[in-house]
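Architecture at a glance
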Amino acid sequence: MATKNIVLFGESGVGKSSIINLLAGRKVAQTSPDAKHCTLRYKSYEVIIGNVPYRIYDTAGVDGDRMDPIGFLDAVTNAHKLMKELKEKGGPHLLLYCMKAGRIQPSFATNYRLFYEFFFEEKIPVALVVTHLEREDPMDEWYTRNKGSFERHAVKCIDYACITAAENLDPRYKKKYSTSREVVGDLIRRHVHEVENWDGGEGWLSSFIGKLKDLLTGRPSKSDFLGVLTKRCGMEESLAKDDRRTKNIVVFGAMGAGKSSLVNLIADKHIAKTGSNLERCTLTWTKHVLPKLFSDGEQYNLFDTMGIENPELEAREYHESIKNASRLLRALDSCGGTSLLVYCIRKGRVSSALQSNYQLFLEVLYQRRVPIVMVVTCLEGEDDMEAWWTRNYAELEKHQIVVQGHACVTTLTEADAKYRASREAVRNLIRENAAVMPVLAGWKQRGQISAFMRRFRLHTDPEEKALQKKLEIQCGMKKGLSSKVAKTLMYR
């Protein structure tokens, strides 16, 4: 029996992952009681409902306060990858829009239109699932009271389910939890149909790119495309007129990992200075322009960054590295944003220093909003270079280092066959994982009054304190260094 695909979407924290666990009858998806993002992109889970196999996609939450250019481009990137995977696996059969019971926010309609109208072009049926209703009796009463609000927002769903998906409930609500599993299962069985004439989402992506070109060349179409993006999907008009044909790739890692050699491997020529001793070669960061890396006509810019070492070893140099990274992100924002992070590591033991670098770039600098991949170098001595990953990936996960893709390579030109295979592996890694639209780091612009108050210590910025704590816990910095680094990232 063919597996049917269901796409679950909604803001973060509404209970999407909990619904998957509810349907599976056990905990298979990560959940969180706070506002942190657990489903940062999308992930599929195999679930059996009534002896029928389903593949449920838990998608990134698109929050109302993030429906800005950065959030929108993030959503476009994730949606494009999801479309490609769905096309390969038989297409979507049903959309489940998950929302938390309470007052209906304007972002509710934004999310609906973004997924149903824009991404899936009104070709896939959508049903509503309302969560956190364990104290409502009966739970369906909530929908009866709020039905008019859906009509006023022009949100049309083929069906609905009012449920609780919270597993650790008061014993009085356990029966409602069991009933909720049956209710959602019945909803899915009633409305999962074979979807015909779905083109894998190529329609919206082609339209998106085509209309951008029309706008850029001064030939805006008379269609409602721009209106859909700005008025219905919450996208700023300035973004819709932006040109994003250049992709910026940031290569980072510790000193001696082989970052510059990796740049030369990707370019297939010597463009970056390399060195075999302990003297630092990439003192700050260097931009390398590759106008014709692939046949798609896009320009790729590779940013070879300064090696950032363990903060406990060289505090002064570490702080200087952070300042360079801060300047780099601002420079990247000024030329369109970042499309991909490439974490370059040298073969060897997985250490806490690897985790520190990973968390600094992905979590602190980019707040997990940019795709990240890993390239492991110096593997020319391995008969099968991929074997290193097989032996070590569990240790990487133990250190909470998770990437979207990887390549095990050699950068030595003398290893002819392995060198060619390595070049293709890294290029494919970039091509498959670079964001469709670059992501901005989102640095805050502080006003003169705020700067004056900081200068004379008239207040302490709580965001600075939170960042300082994060640097100490996740990146292993000592208190004095974390304070300097936090100020660098917040105000420079």
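For the structure itself, consult the block above.
One structure accompanies this document, and this report is about it.

All right, on to helix H11 (residues 352–365) then. Relative to the 20 Å expected for 14 residues at 1.5 Å per residue, H11 spans 18 Å between its end C-alpha atoms, a close match to the ideal helical length. For H11, the tally of buried residues reaches twelve of 14 residues, placing the bulk of the element in the interior. For H11, every residue scored as buried is listed here: Leu354, Gln355, Ser356, Asn357, Tyr358, Gln359, Leu360, Phe361, Leu362, Glu363, Val364 and Leu365. Phi for glutamine 367, located one or two positions after H11, is positive at around 50 degrees.

The next point concerns helix H4 (residues 141–152). Helical periodicity: at 3.6 residues per turn, an α-helix aligns residues three or four positions apart in one direction. Buried within H4 we find Trp142, Tyr143, Asn146, Ser149 and Phe150. One side of H4 carries all its buried residues, which in axial view fall inside an arc of 110 degrees. When the buried face of H4 is taken as reference, the exposed residues oriented beyond 90 degrees from it are Thr144, Glu151 and Arg152. One or two residues past the end of H4 sits alanine 154, with phi positive at roughly 55 degrees.

Inspection of the sheet shows strand S11 (residues 372–377) paired to strand S12 (residues 405–408) by four bridges, in the parallel sense. Its bridge partner being in S12, valine 375 is matched across the sheet by alanine 407. Remark: the S11/helix H12 (residues 387–398)/S12 crossover connection has right-handed handedness.

Here the amide bond leading from aspartate 137 into proline 138 is cis, since omega sits at -5 degrees, within 30 degrees of zero. Within the secondary structure, proline 138 is located in the loop between strand S5 (126–131) and H4. Of note, the phi angle at histidine 132 is positive, near 65 degrees, even though the residue is not glycine. Under the relative-accessibility criterion, histidine 132 is labelled partly exposed at 36%. We note that aspartate 268 has phi near 60 degrees; this positive angle belongs to a residue other than glycine. As for its position among the elements, aspartate 268 is in the loop between helix H9 (259–267) and strand S8 (285–290). Assessed through its relative accessible area of 40%, aspartate 268 is described here as partly exposed.

Rules behind the numbers
Residues numbered from 1 in each chain as written. Predicted model: local features only at pLDDT ≥ 70, side-chain atom pairs only at ≥ 80, totals over all residues. Heavy atoms only, no water. Helix = DSSP H or I, 4+ residues; strand = E, 2+ residues; numbered from the N terminus. Expected span 1.5 Å × (residues − 1). Buried < 20%, exposed > 50% of the residue type's maximum accessible area, 1.4 Å probe, protein only. Arc of directions from axis to C-beta. Pairing = 2+ DSSP bridges. Right-handed = clockwise from strand over helix to strand, strands pointing away.

Read these as layout, nothing more, since geometry by itself doesn't imply function.
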